[in-house]
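Next come the chains, spelled out residue by residue.
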Amino acid sequence: MTDNDRQMSLLLDAHRGLPRQGPGDDASTLRALELCADLPMQPEVLDVGCGPGMQTMALAQATGGTITAVDLFEQFLDDLRDRAVEAGVRERIQVMRGDMRDLPFGKHSFDLIWSEGAAYIMGIVNAFQEWKQFLRPQGYIAVTEISWLVPEAEVPRDAYDFFRAEYPGITDVPGNLERIAECGYEIVGHFTLPDEAWWTHYYDPLARNLVTMREKYPLDPQALLLIEASEAEQRIRREFGECYGYEFIVARHVDPDVPLGDASAWPTLREYVPSTSDAGDDDGVSQDEGIGEILTVPPELPRDPD
Ligand SMILES: C[S@@+](CC[C@H](N)C(=O)[O-])C[C@H]1O[C@@H](n2cnc3c(N)ncnc32)[C@H](O)[C@@H]1O
């Protein structure tokens, strides 16, 4: 196993079984959804970087629509499948292992694109530019994006250095709104995630996992480094949380070149490929229970180590 593989394996271990893989809560998901005022009945939704799918379930239940949930890691998609079965919405969730930078959908496939805590992975501008093609005219996009909540010059050095290293593209809320508008979207609304949304479903359960990790790898320098880095991130949140936050931003695709028309006439996606590695068979969820399963990850992309 290479160093990188081992690092990824430890990271997945630390993040195993968490209710979410980033800050957020259902109340915020639903508040953002309310901003999407004239979605069609039963919209087609794409959830990018869905993780274990807490927001996917909230969206499925609130909209009655179909959701294509995409993530790079099977471990999280397994959690999502279990959750969808429990929530009784499995038949409306299409689970897809794929890379957000190379999504396989046709033009105008979705009424709504959702991405909580994940667009930063390819950069918010790249995400808004790249994913626009998948949105129907007047379609909505909702993301959470880490943002300075105070002028950058006032951010304390520790927090500044941490985020500059982790996410060099970080800017303030007006800066993010401007970037999105420049990509050809109209801002519909935005708000900051409450502080509890960082802790309840993410940092608190993660901290419990880290305790177990310490017991499991007491003498493993790589594991200990990872644990310390994660604990440092939580300390920064505790000390400097008022300086930065996740901004939920809802925007609308405004493309004057694309006429509005009969939505049923627009092409829909779907290049179904029977799953070869999904856990559908052994978790009691047959492929027929979901809309379908797509596998788009080329073999060279990182696989779950387990
Ligand atoms: C911060 S987590 C957010 C997960 C989920 N939206 C939530 O709020 O709980 C980011 C997610 O993006 C996924 N991810 C990372 N790189 C990805 C990629 N290239 N394509 C698709 N998903 C990716 C991770 O596996 C992780 O589940």
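Here the structure is a predicted model, which means the values were calculated and not measured. (Residues numbered from 1 in each chain as written. Predicted model: local features only at pLDDT ≥ 70, side-chain atom pairs only at ≥ 80, totals over all residues.)

Turning next to the overall build of the protein. Along the protein, the regular secondary structure elements total 9 helices and 9 strands. Within the protein, buried positions represent 40% of all 306 residues. Across the protein, contacts joining residues at least 24 apart in sequence account for 79% of those joining residues at least 6 apart. (Helix = DSSP H or I, 4+ residues; strand = E, 2+ residues; numbered from the N terminus. Buried ≥ 20, exposed ≤ 12 C-beta atoms within 10 Å, placed from the backbone. Contact = placed C-beta atoms within 7 Å.)

Another aspect to go through is helix H2 (residues 26-34). All of the buried residues along H2 are Ser28, Thr29, Ala32 and Leu33. Along the axis of H2, the buried positions cluster into a sector of 140°, meaning they face one direction only. Check the buried side of H2 and you find it contacts helix H3 (54-63), strand S5 (135-148), helix H8 (196-216) and strand S8 (244-253). (Arc of directions from axis to C-beta.)

Taking 1.5 Å per residue as the helical rise, helix H4 (residues 74-87) with its 14 residues ought to reach 20 Å, and the 20 Å between its terminal C-alpha atoms agrees with that figure. Glu74, Gln75, Phe76, Leu77, Asp78, Asp79, Leu80, Arg81 and Ala84 are the residues of H4 that are buried. Where the residues of H4 are buried, they touch helix H1 (3-14), H3, strand S2 (66-71) and strand S3 (93-97). (Expected span 1.5 Å × (residues − 1).)

Let's shift gears to the pairing of strand S4 (residues 110-116). Both faces of the sheet carry side chains from a regular strand, because those side chains alternate between them. Burial analysis of S4 places 7 of its 7 residues in the buried class, the great majority of the element. Pairing analysis gives 3 bridges linking strand S1 (residues 44-48) to S4, with the strands arranged parallel. Counted as the bridge partner of leucine 46 is isoleucine 113 from S4. Assessed by its sense of winding, the connection that carries the chain from S4 through helix H5 (residues 124-131) to S5 is right-handed. (Pairing = 2+ DSSP bridges. Right-handed = clockwise from strand over helix to strand, strands pointing away.)

Turning our attention to the site of the ligand. Around the ligand sit 21 residues in total, of which Arg20, Gly22, Gly49, Gly51 and Gly117 are the nearest. The set of elements that each furnish at least two residues to the shell around the ligand consists of H3 and S2. Here the shell around the ligand is composed, by residue class, of 9 nonpolar, 7 polar and 5 charged. (Near = placed C-beta within 6 Å. Nonpolar A, V, L, I, M, F, W, Y, C, P; charged D, E, K, R; others polar.)

Counting 67 residues, the largest nonpolar core has Ala69, Ile113, Phe134, Ile141, Ala142 and Val250 as its most contacted members. Once residues lying within four places of it in the same chain are set aside, the contact partners of alanine 69 are Asp47, Cys50, Gly53, Thr56, Leu80, Ile93, Gln94, Val95 and Met96. (Core = buried A, V, L, I, M, F, W, Y, C linked by C-beta atoms within 7 Å.)

In regions of low pLDDT, the predicted coordinates are not meant to be interpreted in detail. Residues with a pLDDT of 70 or more make up 83% of the protein, whose mean pLDDT is 87. This model gives residues 260-289 a pLDDT under 50, and the stretch forms 45 contacts once residues within four places in sequence are excluded. Overall, residues 298-306 carries pLDDT values under 50, and its contacts beyond four positions in sequence, including any with other chains, amount to 11 contacts. (pLDDT = per-residue confidence, 0-100.)

The subject of this paragraph is the pairing of S1. The buried count for S1 comes to 5 of 5 residues, which makes it a mostly enclosed element. In this sheet, S2 lies alongside S1 in parallel orientation, the contact comprising 5 bridges. Its bridge partner being in S2, valine 45 is matched across the sheet by isoleucine 67. Where the polypeptide runs from S1 across H3 and back to S2, its parallel neighbour, the crossover connection is right-handed.

Below, the discussion takes up the packing of H3 against H4. At a minimum axis distance of 10 Å, the contact between H3 and H4 shows a crossing angle of 30°. When the interaxial angle is binned, H3 and H4 end up roughly parallel. The handedness of the crossing between H3 and H4 is right-handed. Touching Thr56, Met57 and Gln61 of H3 are Leu80, Arg83, Ala84 and Ala87, all from H4. The residue makeup of the contact of H3 with H4, split by class, is 4 nonpolar, 2 polar and 1 charged. (Axes fitted to C-alpha atoms, helices over the stretch in contact; angles between N-to-C directions. Parallel < 35°, antiparallel > 145°, perpendicular 65-115°, else oblique. Left-handed = near helix turned anticlockwise from the far one by under 90°.)

To continue, consider the environment of arginine 6. With respect to the element layout, arginine 6 can be found in helix H1. In this structure arginine 6 comes out as partly exposed when scored by C-beta crowding, with 14 C-beta atoms within 10 Å. For the pair arginine 6 and alanine 223, spaced 217 residues apart in the sequence, the C-alpha separation amounts to 9.3 Å. With residues near it in sequence (within four places) discarded, arginine 6 still touches Met1 and Gln222.

Further remarks concern the environment of glycine 169. Structurally, the position occupied by glycine 169 is in the loop between helix H6 (157-166) and strand S6 (171-172). On the basis of neighbour count, glycine 169 is assigned to the partly exposed category, with 16 C-beta atoms found within 10 Å. Residues glycine 169 and valine 125 lie 44 residues apart in sequence; the distance between their C-alpha atoms is 9.7 Å.

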